[in-house]
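For reference, the chains in residue letters:
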Amino acid sequence: MAATRPVLDVRDLCKVYGEGETAVRALDGVSFRVEHGDYAAIMGPSGSGKSTLMNIIGCLDVPSSGRYLLDGVDVGRLTESQLALVRNRLIGFVFQAFNLIPRTSAVANVELPLAYSGMRPAERRRRALFALDSVGLADRADHEPNQLSGGQQQRVAVARALVTGPALLLADEPTGNLDSHATQELLVVFDDLHSAGRTIVMITHEGEVGARAGRLIKVRDGRVTSEIRRSAA
Ligand SMILES: Nc1ncnc2c1ncn2[C@@H]1O[C@H](COP(=O)(O)OP(=O)(O)O)[C@@H](O)[C@H]1O
Ligand SMILES: [Mg+2]
């Protein structure tokens, strides 16, 4: 197989909030790589720097120092508008809160990221239905968010994140608002996406959730403290 560049190449990232005596070193030299097809969980206790790292990986914030390459693009060199483009093209976000548009069908929610792509409506619909099918919700396409369970809503959010074909699915505490049954359903969806070759980075503080990923990157006090790579279960 030909060598390909990693999806994420994070090198010695530091992030300091504030200045002087009140400065907080939220990230203190974080380095790791995520290859195409990896399923990685970033785990750590509250305050360890997970959200800070997620915001930098997601191009929502910039590091104080260090380098960050996303699909070979040196993100540190981009302007604000280029960053927005990278964010929209390369990353599919899933958050703890599902953030679906109310009184709008599941399929219309999933189509939303394609709205300004210049794609024809029929093609947008086709892709949205395909994405809904990939999370097991093809038969719920016409349902509005309040007609869906929390677990189903989060799967719609995953379909919306995937519809643009991003290089990376980036999920911050995706099971944080789900009960244990819905958590298991979402983890099955992630397993399936991983099997289909998707690249997933999930941030979580739940050990059981992180244990499903092929790679476990543990952070504490802004540093990577351990990295475990499991062979396929
Ligand atoms: N905007 C901010 N200003 C100042 N300190 C911050 C800010 N965001 C986070 N921090 C601090 O940085 C550290 C890491 O926070 P965070 O990345 O939110 O950790 P986690 O998501 O793992 O709980 C904490 O000490 C937190 O208080
Ligand atoms: Mg956090």
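The structure displayed is predicted, hence computed values, not measured ones. (Residues numbered from 1 in each chain as written. Chains lettered and ligands numbered in written order. Predicted model: local features only at pLDDT ≥ 70, side-chain atom pairs only at ≥ 80, totals over all residues. Heavy atoms only, no water.)

Novice: With reference to specific residues and values, describe the site of ligand 1.
Specialist: The environment of ligand 1 is made up of Y17, V24, A26, P45, S46, G47, S48, G49, K50, S51 and T52. In the environment of ligand 1, an oxygen atom lies 3.2 Å from a nitrogen or oxygen atom belonging to the backbone of S48. Between ligand 1 and the protein, one listed contact pairs an oxygen atom with a side-chain N or O atom of T52 at 2.6 Å. Among the elements of the structure, β2 (24-34) and α1 (50-57) are those that each provide at least two residues to the shell around ligand 1. By residue number, the principal contributor to the shell around ligand 1 is α1, which donates three residues. (Near = heavy atom within 4 Å. Polar contact = N/O pair within 3.5 Å; in protein donor to acceptor, adjacent residues only side chain to side chain. Helix = DSSP H or I, 4+ residues; strand = E, 2+ residues; numbered from the N terminus.)

Novice: Now, about helix α5 (residues 150-162): what can you tell me, with residues and values included?
Specialist: Spanning 13 residues, α5 covers 19 Å between terminal C-alpha atoms, matching the ideal 18 Å at 1.5 Å per step. For α5, the tally of buried residues reaches 12 of 13 residues, placing the bulk of the element in the interior. Taken residue by residue, α5 has G151, Q152, Q153, Q154, R155, V156, A157, V158, A159, R160, A161 and L162 as its buried positions. Buried residues along α5 sit in contact with β6 (91-94), α3 (106-111), α4 (121-134), β7 (168-172) and α6 (180-195). (Expected span 1.5 Å × (residues − 1). Buried < 20%, exposed > 50% of the residue type's maximum accessible area, 1.4 Å probe, protein only. Contact = heavy atoms within 4.5 Å.)

Novice: Let's hear about the packing of aromatic side chains: which residues, and what values?
Specialist: Counted under the stated rule, the structure contains two aromatic pairs. Between F93 and F95 the ring centres are 5.6 Å apart and the planes differ by 5 degrees, which places this aromatic pair in the stacked class. (Phe/Tyr/Trp six-rings, centres within 6.5 Å; stacked < 30°, edge-to-face > 60°.)

Novice: Outline the pattern of salt bridges, listing residues and values.
Specialist: Following the criterion strictly, the structure yields 18 salt bridges and no others. The closest approach of N and O atoms between R77 and D74, which form a salt bridge, is 3.0 Å. Given the relative accessible area of 68%, R77 is considered exposed. In this structure, R215 and E227 form a salt bridge, with 2.6 Å as the shortest nitrogen-oxygen distance. A residue pair is termed long-range when its members are at least 10 positions apart, and R215 in strand β9 (residues 215-220) and E227 in strand β10 (residues 223-229) qualify at 12 residues. Judged by its relative accessible area of 42%, E227 is partly exposed. (Salt bridge = Lys/Arg side-chain N within 4 Å of Asp/Glu carboxyl O.)

Novice: Summarise the sheet that holds β10; cite the residues concerned and give the values.
Specialist: If you trace the six strands from one edge of the open sheet to the other, you get β6-β7-β8-β3-β9-β10, paired in mixed fashion. Of all strands in the sheet, those with a lone pairing partner are β6 and β10, marking the two edges. Pairwise comparison of adjacent strand axes, ignoring direction, gives a mean angle of 15 degrees for this sheet. Running at roughly 165 degrees to β6, α5 makes contact with β6 and β7 of the sheet. (Pairing = 2+ DSSP bridges. Axes fitted to C-alpha atoms, helices over the stretch in contact; angles between N-to-C directions.)

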